[in-house]
Every structure is written in C-alpha cells, then in structure tokens.
Amino acid sequence: MSFDLAQLKEAVSRHGRVGRIVVVDHKGSAPREAGTAMLVWQTGQSGTIGGGALEFEAVRALRARLGDGRSHVERVALGPSRGQCCGGAVVLVSEVFDQGILSEMEGTGVYVRRCEGEATKPLSIERAQAGARNGTQTAEVVFDTGWLCEPLHVAATPVWVYGAGHVGRAIVRVLAPLNTVDITWVDTAPERFPDDIPDGVTALPAADIAAASRLAPPEAHHLILTYSHALDLALCHALLGRPAAFIGLIGSATKWVRFQRRLTALGHDPAQIARITCPIGEPKLGKEPQAIALGVASALVLALRAEGASVEKGQATA
C-alpha cells in the first residue's frame with residue numbers, strides 16, 4: 001500500500017487540519033496489514049484500519065491531538081489493551097497535516113520522516129530512499145528505530161468496465177474504494193452514467209466503445225457487461241485482437257455458446273476464444289447486481305493478490 005498524497009491533499013483542502021493513522025507494523029492476528037491507513041478530521045473520517053475498538057480509540061485520541069500537530073507512535077497489544085480476541089499486536093503512527101506540511105513533502109516517490117526518538121536515519125530507510133531514486137523501490141512500508149518510510153505512489157491495476165447499467169454500477173461501487181485498481185468506466189453516452197460517479201473512477205463516454213477499448217493499456221483487466229449483446233460481441237472481437245490481462249463477459253452458459261460460434265465465424269481460433277471468461281461472478285451468490293458484483297470483485301482481488309505474490313517471489317529469487 002502507498003501514501004495516497006492526492007487523497008490527503010483533497011481532504012486538507014476541504015477540512016483544514018487532517019489527521020492520518022497508518023499501521024506500520026503488525027504481529028500475529030491483526031485486523032489489517034502494514035500500510036493500511038485512514039484519515040480523520042473533527043467532523044468525519046475516511047478509510048479504516050479495522051479492529052473496532054482499535055480504530056475507535058485511535059480516532060478518539062487523534063481528534064484530541066489535531067491542534068498540536070505532533071506525530072504519535074502507539075504500540076497496541078490487541079488482547080490486553082483493547083479486549084479483542086485477535087491476540088496480535090500492531091504499531092500505529094498518527095500524524096496531523098495541513099497545507100504548510102504538504103508543501104514541504106519531498107517529491108522523491110517516498111515520504112520519509114522521524115516519528116519518535118532521536119535516532120539517526122537507519123540504513124533500511126536509506127535503502128528505501130535509494131530504491132525510490134533508481135526505480136527499484138517496492139510498495140512496502142519501512143518502520144525502523146522511530147523512522148517511517150512510505151511509498152507515495154504505487155501503480156494500480158487498470159480495470160476497464162464496459163456498461164453503466166445496474167450490474168456495472170454495482171461492480172464499480174464495490175471496486176472503487178480499492179487503492180489497488182484504477183477504474184475506467186465506459187459506455188455509449190454521458191447520460192448512461194450516474195450523477196454520483198465514485199472518486200477516482202474515470203468515466204469515458206464513447207459512441208463506439210469497441211474502438212475506445214484500444215485506449216486501454218495491455219495489462220488492463222476488462223469486464224464486459226453492456227446493455228447490448230451486439231456491443232458485447234464487438235468488444236470481445238476487439239479485445240481478442242490485442243493484449244489484455246483478463247477479459248470477462250457477463251452472461252449465461254447459453255449466451256457463451258452462441259458467442260463462441262460467432263467469434264469463430266469472425267476468425268478467432270479456440271485458443272484465442274478461451275482467453276475470455278464467461279460467465280463472470282459466482283453463480284451460487286445469485287443473479288442480483290450486487291451479488292454479481294461481489295463475485296466479480298472477489299475473483300479480481302484474488303487474481304491480483306496472486307499476481308502480486310508471484311512478482312514478490314520472483315524478486316526474492318532473482
């Protein structure tokens with residue numbers, strides 16, 4: 001996970017002084033992993049570090065400190081201090097930001113600061129900074145002897161969603177809060193989209209959405225669920241002619257049989273057609289838009305986690 005500077009700047013512009021709580025370390029069973037963060041201001045908050053009582057107490061304490069601007073490190077044993085059954089422990093860093101602090105932050109790809117103590121900058125932090133400069137940095141948070149280093153930006157996986165109907169809206173609402181995906185939402189006209197498009201989602205009206213799909217990067221994941229089988233087929237045809245990390249099509253088994261025949265008639269061989277996953281979602285969850293969205297989102301998250309684990313394993317053995 002990364003330090004979401006754009007989100008923090010927006011919150012500061014709206015609310016003035018804004019607190020941020022980030023999990024910098026955890027041991028045993030804990031609600032969230034290192035790098036998980038949330039924002040807090042006097043009248044609200046966004047994001048979550050999980051844990052119920054853990055978050056409640058951390059938010060209450062940070063609101064009381066919004067005026068002093070100092071960072072605070074707290075080591076929490078979840079069982080003894082919060083009465084939680086997890087049995088693990090976490091280290092939280094709480095900080096307060098305003099326009100002045102944001103203007104002083106380094107633009108090196110990582111945000112480095114000392115949060116407690118008087119220790120000089122440790123080698124682990126120096127290495128993280130060097131990695132940011134030469135392009136070998138990872139998405140990991142480094143907390144060492146009171147010093148904290150967080151990546152300011154981690155590339156998100158591009159996800160292209162075609163169709164702004166009931167299912168498309170449900171899928172976008174489920175996926176939008178994830179900072180691991182970058183959503184482009186495509187449909188044939190501006191009026192097809194809702195008025196309340198989630199933050200961070202790019203709406204792309206295009207009369208020819210099959211042609212618009214060419215704008216997607218080769219590593220994009222594509223979810224096809226338009227109002228028209230003809231549009232769905234045109235998108236499948238277009239995407240099979242170019243690189244894509246994933247192509248998913250909404251539909252029944254009967255629809256997929258017909259689409260395979262039509263794609264074959266368009267010149268695609270069985271190996272090419274097999275790149276398409278149809279149907280998407282988890283049929284056992286039901287056919288309601290929200291149920292389909294849950295199935296699609298869970299499959300996508302699991303696939304991205306598997307890809308990330310594969311990359312990390314490759315780096316470790318290189």
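The following refers to the structure shown.

About the cut-offs
Residues numbered from 1 in each chain as written. Predicted model: local features only at pLDDT ≥ 70, side-chain atom pairs only at ≥ 80, totals over all residues. Heavy atoms only, no water. Helix = DSSP H or I, 4+ residues; strand = E, 2+ residues; numbered from the N terminus. Buried < 20%, exposed > 50% of the residue type's maximum accessible area, 1.4 Å probe, protein only. Contact = heavy atoms within 4.5 Å. Areas by Shrake-Rupley, 256 points an atom, 1.4 Å probe, with all protein chains shown as cover. Phe/Tyr/Trp six-rings, centres within 6.5 Å; stacked < 30°, edge-to-face > 60°.

**Some details on the overall build of the protein**
Within the protein one finds 11 helices and 14 strands. Counting across all 318 residues of the protein, residues that qualify as buried make up 42%. The long-range share in the protein, meaning contacts at least 24 apart out of those at least 6 apart in sequence, stands at 59%. Accessible surface for the protein amounts to roughly 16,200 Å². Of this, 54% is attributable to carbon and sulfur atoms.

**A short note on the packing of aromatic side chains**
Here the distance between the centres and the angle between the planes together describe a pair of aromatic rings. Tallied over the entire structure, the rule returns 5 aromatic pairs. Judged by centre distance (5.8 Å) and plane angle (75°), the ring pair of Phe3 and Phe97 falls under edge-to-face. Of the two residues, Phe3 sits in the segment before α1 (5–15) while Phe97 sits in strand β5 (residues 89–97), which places them 94 residues apart along the sequence. Accessibility classification places Phe3 together with Phe97 in one group, the buried group. Summarising the aromatic geometry, the rings of Phe97 and Tyr111 are spaced 6.3 Å apart at their centres and angled 55° between planes, so their arrangement reads as tilted. In this pair, Phe97 is assigned in strand β5 and Tyr111 in strand β6 (residues 110–114), connecting sequence segments 14 residues apart. Judged by relative accessible area, Phe97 falls into the buried class, the value being 1%.

**Side note on the environment of Ala119**
Assignment of secondary structure puts Ala119 in the loop between β6 and α5 (123–134). For Ala119, a relative accessible area of 29% corresponds to the partly exposed category.

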